[in-house]
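Given next are the chains, with one letter for each unit.
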Amino acid sequence: MKRTQLYNYHKEHGNVIEFAGYEMPLWYSEISAEHLAVRNSCGIFDISHMGRLIVEGSSSADFLDYLVPSSVLNLSAEKGLYTVLCNESAGIIDDIIIYRLADKFLVVVNAANLEKDLQWMNSKNNFGAIISDITMKSSMLAVQGPQAVEVLPKALGIALSGMTRFGIAEHILQIGNLFIARTGYTGEDGFEIIINSDKPERALAVWNKIISAGSLPCGLGARDTLRLEAGLCLYGQDLNDKITPVEASLSWVVSKAKAKYVGKQIIENQMQGKARISRVGIEMIGQGIPRKDHQIYEGNRIGEITSGTFSPLLKKGIAMGYVSSEYSSIGTDVEIDIRGQRIPARIVKPPFYDQTLYGWKRTKKN
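Residues numbered from 1 in each chain as written. Predicted model: local features only at pLDDT ≥ 70, side-chain atom pairs only at ≥ 80, totals over all residues. Heavy atoms only, no water.

Chemist: Whenever I open this one, the overall build of the chain confuses me. Can you help?
Modeler: When helices and strands are counted, the chain shows 8 helices and 20 strands. Taken along the three principal axes of its C-alpha coordinates, the chain extends 60 × 50 × 40 Å. When contacts within the chain are restricted to residue pairs at least 6 apart in sequence, those whose partners lie at least 24 apart make up 66%. Accessible surface, the chain: about 15700 Å² in total, of which carbon and sulfur atoms supply 48%. Treating the 40 positive side-chain charges of the chain as one cloud and the 39 negative ones as another, the clouds have centres 3 Å apart. (Helix = DSSP H or I, 4+ residues; strand = E, 2+ residues; numbered from the N terminus. Contact = heavy atoms within 4.5 Å. Areas by Shrake-Rupley, 256 points an atom, 1.4 Å probe, with all protein chains shown as cover. Lys, Arg positive; Asp, Glu negative; His and termini not counted. Charge placed at Lys NZ, Arg CZ, Asp CG, Glu CD.)

Here it is as structure tokens:
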């Protein structure tokens, strides 16, 4: 079992569980309280279990561009993009973020997929790219919420308000060498920080400074409910290597102008309306909490839930799942089989919250 550099803090202050081969905090105080702190103010997560790869070399851009359906060649320096690694059948090997730095790329992958991703990338590396795994030589934190843009600069003494979404910059500070990106997986505004050091005391110093500046420590429980409220996928539940980006409602990551990439023909065919299933958001109308593997009905069975929870913000059950494409229209009334009872629900477009009040697009104060 692996441990992040902040393990001792988590063990002392949180409820630690096994997750993706790591011992990680599920919560510190209460999942609902931590969830609402991120929606309304600011929370901090240890996400050091996420894999971190450096890809460099003169053909590294061409290599990464071939691996994913998004356009890496058009990615500007100090910018990132969310995309997917696909196999030859267009199934999703992993969902990842690629950042373009001054002379190399930083690729962030899911914890449980690190070894698999590395094997796949190496098998396709006919470009002479150099791939380095820096996961265990660094730490990664996420500072999320509407007040993150105030909390993080206060904690570190740097200006970040000018950084746009998916921007990334390197900061060489007395506390350590940091990469800071304006990204996250909660639906909220915020930042992800990579601390380039194998010294746990540096990660702990950054962690404590951010908490002292006004951020609440949060565990994996809140991270899961937050990403589900935002309609964001969890690999291994909502995504796998049998599901394509089109079926997963991730067609927006596909660059239609690209001449060549892994899985291109199948993805193009499905984008012409030939996908058999579609990922949808589901909001409960009746009382009940939808969970993974619960069946979805519209008269007959039409699909199943892949992620479900009780929304701490909306105070109702929400879920994502896959249905036959002909039943995927927004507003379709369905039923969820919960312990033998079919409970009314409706297909909706995530995120589940009002985007004028919550999330990085918010325009109003609560």
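Chemist: Just to check I follow, could you spell out helix 4 (residues 114-123) for this structure?
Modeler: In an α-helix there are 3.6 residues to a turn, and that puts residues three or four apart on one side. Of the residues making up helix 4, those classed as buried are Leu114, Asp117, Leu118, Trp120 and Met121. For helix 4, the arc enclosing every buried residue in end-on projection is 165 degrees, short of the 170-degree limit, so these residues lie on one face. In this structure, helix 4 carries Glu115 and Gln119 as exposed residues pointing more than 90 degrees from its buried face. On its buried side, helix 4 packs onto strand 5 (51-56), helix 3 (60-67), strand 6 (79-86), strand 7 (92-100), strand 8 (105-109) and strand 9 (130-133). (Buried < 20%, exposed > 50% of the residue type's maximum accessible area, 1.4 Å probe, protein only. Arc of directions from axis to C-beta.)

Chemist: Sorry, what's going on with the side chain of Lys124 here?
Modeler: Mapping Lys124 onto the fold places it in the loop between helix 4 and strand 9. Taking the relative accessible area as the measure of exposure, Lys124 reaches 16% and is therefore buried. The residues touching Lys124, leaving out its near neighbours within four places in the chain, are Phe63, Tyr66, Leu67 and Glu88.

Chemist: Explain the packing of aromatic side chains here, please?
Modeler: Counted by the stated rule, this structure contains 8 aromatic pairs. With a centroid separation of 5.7 Å and 20 degrees between ring planes, the pair formed by Tyr82 and Trp252 is classed as stacked. Taken together, the positions of Tyr82 in strand 6 and Trp252 in the loop between helix 7 (220-229) and helix 8 (264-274) put the pair 170 residues apart, joining distant regions of the chain. Classification of Tyr82 as buried rests on a relative accessible area of 12%. An aromatic cluster of at least three residues, connected via ring pairs, comprises Tyr9, Tyr28 and Trp207. The side chain of Arg3 reaches across the aromatic face of Tyr7, ending 4.0 Å from its centre. Above the ring of Tyr297, the side-chain terminus of Arg342 is found at 3.6 Å from the ring centroid. (Phe/Tyr/Trp six-rings, centres within 6.5 Å; stacked < 30°, edge-to-face > 60°. Lys NZ or Arg CZ within 6 Å of the ring centre and 35° of its normal.)

Chemist: Help me out: how do you make sense of helix 7 in this one?
Modeler: Across the 10 residues of helix 7, 9 count as buried, placing the element largely inside the fold. Taken as a whole, helix 7 has its buried residues at Leu220, Gly221, Ala222, Arg223, Thr225, Leu226, Arg227, Leu228 and Glu229. The inward-facing, buried residues of helix 7 abut strand 2 (15-19), strand 3 (22-27), helix 2 (31-40), strand 4 (43-46), strand 17 (300-310) and strand 18 (317-324). Looking one or two places after helix 7, you find Gly231, whose phi comes out positive at around 75 degrees.

Chemist: Any chance you could explain the sheet that holds strand 3 here in plain terms?
Modeler: Each strand in a sheet pairs with another by means of backbone hydrogen bonds, the pair being arranged parallel or else antiparallel. Strand order in this open sheet of 3 strands is 1-3-2, and the pairing throughout is mixed. The open sheet has two edge strands, strand 1 (2-3) and strand 2, and neither has a second partner. Where strand 1 and strand 3 come together, 2 bridges link them in parallel fashion. When the bridges of strand 3 are listed, Arg3 appears paired with Glu23. Of the strands in this sheet, strand 2 and strand 3 are in contact with helix 7, which crosses strand 3 at around 70 degrees. (Pairing = 2+ DSSP bridges. Axes fitted to C-alpha atoms, helices over the stretch in contact; angles between N-to-C directions.)

Chemist: Just to check I follow, could you spell out the nonpolar core for this structure?
Modeler: Generally speaking, a soluble globular protein has its nonpolar side chains buried in company with each other. In terms of nonpolar packing, the biggest core is built from 41 residues, with Phe45, Tyr82, Leu106 and Leu239 touching the most fellow members. Breaking this core down by element, the ones donating at least two residues are strand 6, strand 7, strand 8, strand 10 (139-144), strand 12 (176-181) and helix 7. Contacts of Tyr82, omitting those with residues within four sequence positions, involve Ser70, Asp95, Ile96, Ile97, Phe166, Tyr185, Leu239, Leu250, Trp252 and Val253. Leu6, Val143, Ala155 and Ile158 belong to the second-largest nonpolar core, a separate cluster that totals 27 residues. (Core = buried A, V, L, I, M, F, W, Y, C linked by side-chain atoms within 4.5 Å.)

Chemist: Looking at this model, I keep getting lost on the sheet that holds strand 14 (residues 216-217). Mind explaining?
Modeler: Taken together, 6 strands build an open sheet; the order of strands is 11-12-13-10-4-14 and the sheet is mixed. The open sheet has two edge strands with one neighbour each: strand 11 (168-173) and strand 14. Of the strand pairs in this sheet, strand 4 and strand 14 are connected by 2 bridges, and their pairing is parallel. Residue Ile44 lies in a different strand from strand 14, and its bridge partner there is Pro217. Across the sheet, helix 5 (residues 148-156) touches strand 10, strand 11, strand 12 and strand 13 (190-195), and the angle it forms with strand 13 is around 30 degrees.

So yeah, pure geometry; function would need other evidence.
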